Amino acid sequence: MLARPLSLQARLMAAVIGFVSLILVIVAIITSATLGNTLEIRLQEQVNAAASETVPLVTKRAQTAAVFGEPLTAEYAMDGQQVAGNSLLLVLAPPNTPPSGIIVTPDERTALSAEDLLILTSALHDSRNATVILPDFGSYRVTADRTSNDVVVITGLPRADVQRTMTSLFTTVALATLGGLILLAITTALTISMGLRPLRAVAATATRVASQPLDRGKVTITERVPEYEADPRTEVGRVGVALNTLLDHVDTSLAARQRNEDRMRRFVADASHELRTPLASIRGYSELSLRALGQGHGADALEHTTSALERIQAQSLRMTRLVEDLLLLARLDEGTELVHGTVDLSQLAVEALADAQPTGPDHIWKLEAPEEPVTVPGDTGRLHQVVANLLANARTHTPAGTTITLTVAAVDGGAELRVHDDGPGIDPAVRDELFARFARGDVSRARQSGGTGLGLAIAKAIVEGHGGSISVASEPGDTTFTVHLPAAEPAPATPPAAPAQ
């Protein structure tokens, strides 16, 4: 069975505690070593001080022993002497005499065994100072001196106080380290928990969003990371800010998708209606023609058949225009419809206005153009279609007596075409989607003739294919469509790479 992976909080806490524990252990080791070294140096100083007293004493006792013919032993040297501390070790090795040793305490005196003497002499064979461990007496710090009469004097003090101090120190450091680690663990857990709280808020928000059905219907993502958990001044807070930004983008994209779907459904309904009407007419007139031909071959039958065929032709042309508009948009999307050359916008405006005037005799038409030609690179036929669509749009959606002004002007970096009318204006509710495909902007204007909502979309696609832009500004009595065309020919679109064989 696989072990459950540790959470981020547990891993962070383990890393922090482990790192701090390592630091505490290193500090404890350095502190203990420094203090132990200091205690050892102090003990050595005490041993040297004791040796400075025992060496004169042994010298004096050696003289007395020589006068009375007594053997010089450690017990003889310490006879009648009191020990200032807890214990004193003394070993004497006179020339040509076996060594002797004694440990003197305030309460008793104990002779050293031959084994103890061997340990001492071996430790001091190559050094004046040494630390020895006697089996029956523990650890001692000893130093060796020589008197004027060539007696080796070994003086030592016990290390029990140093060892007790070091043990107490290690115990204190261990308890302090353990308590510090427990306090550190609690503090670290609280700190990391508070620091990761924004991440938990991010995860909870993402989980709630993931549970929403985003693949169908009208979708609105209202879930956001709370502002107090999305502080851009912190690293974790910036994750919340990034998620909120992502959710805003996704919500906007979903809303745009929904609008496109709604617009597509409206277009399908409108296109179906536009196609159904001429199809119904064609079917009806076809049946009428067949009935007339079946009833007779006289002048009346010929007249009815001719009229029906004319209606069939008119409805067919209506259907053809709709299909051609759809095909044009598809070709413009592919970038294969435009044929670039040099276009005289002044001449194009004159021709477009002349074509539009017969269709709107009840409107007032004006042209404003400079005397010198205004030329730009582009497709003459398609730019003529842009101007014609804009003029037809102004004529269709304005009442009789409206003044429509077509202006051509040279500007920095290119040229501008403006179609202005003093009609009722455009409803702000549809202004933002006026150039969208399948949109129909006749909500606020009196619609006098049917349309599929593709005219302005085609105009926008053609202008953008020329590297230009089209915009509209409208208020009651003042509506202006502005087309900006660049002076330089736009770079051709790079065709997609062919798939590998």
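Check the entry above for the structure.
Chemist: So what exactly am I meant to see when it comes to the environment of Ser286 here?
Modeler: Relative to the helices and strands, Ser286 is located in helix α5 (residues 235-295). Counting along the chain gives 23 residues from Ser286 to Leu309, while the straight-line C-alpha distance between them is 7.6 Å.

Chemist: I keep staring at the sheet that holds strand β6 (residues 152-158) and nothing clicks. Help me out?
Modeler: What holds strands together in a sheet is hydrogen bonding between their backbones, with the strands either parallel or antiparallel. Taken in spatial order, the six strands make up an open sheet running β3-β2-β1-β6-β5-β4, and their pairing is antiparallel. Each edge of the sheet is formed by a strand with only one pairing partner; in this case those strands are β3 (109-111) and β4 (129-134). Strand-to-strand twist across the sheet, computed as the mean angle between neighbouring axes with direction ignored, equals 25°. Sheet strands touched by helix α3 (residues 114-123): β1 (88-93), β2 (100-104), β4 and β5 (138-146). Its angle to β4, the strand with the most contacts, is close to 155°.

Chemist: Could you clarify how one ought to interpret the environment of Val132 in this entry?
Modeler: Take Val132: it is sitting in strand β4. Residue class for Val132 comes out buried when judged on its relative accessible area of 3%. Residues Val132 and Pro158, spaced 26 residues apart in sequence, show a C-alpha to C-alpha distance of 9.7 Å. Other than its neighbours up to four places away in sequence, Val132 contacts Ile119, Leu120, Ala123, Gly138, Ser139, Tyr140 and Val142.

Chemist: For this particular structure, what's the right way to read the packing of aromatic side chains?
Modeler: Any aromatic ring pair is given by two values, namely how distant the centres are and how the planes are angled relative to each other. This structure, assessed with the given rule, holds zero aromatic pairs. In this structure, Arg61 is placed above the aromatic ring of Tyr76, and the distance from its NZ or CZ to the ring centre is 5.9 Å.

Chemist: Looking at this model, I keep getting lost on the pairing of β1. Mind explaining?
Modeler: Here is the key point about a regular strand: its side chains alternate between the two faces of the sheet. Summarising burial for β1: five of the six residues are buried, a large majority. Relative to β2, β1 is paired through five bridges, and the arrangement is antiparallel. Bridging across to β2, Leu92 finds its partner in Ser100. Here β1 hands over to β2 after six residues, with Asn96 in that stretch at a positive phi of 60°.

Parameters and conventions
Residues numbered from 1 in each chain as written. Predicted model: local features only at pLDDT ≥ 70, side-chain atom pairs only at ≥ 80, totals over all residues. Heavy atoms only, no water. Helix = DSSP H or I, 4+ residues; strand = E, 2+ residues; numbered from the N terminus. Pairing = 2+ DSSP bridges. Axes fitted to C-alpha atoms, helices over the stretch in contact; angles between N-to-C directions. Contact = heavy atoms within 4.5 Å. Buried < 20%, exposed > 50% of the residue type's maximum accessible area, 1.4 Å probe, protein only. Phe/Tyr/Trp six-rings, centres within 6.5 Å; stacked < 30°, edge-to-face > 60°. Lys NZ or Arg CZ within 6 Å of the ring centre and 35° of its normal.

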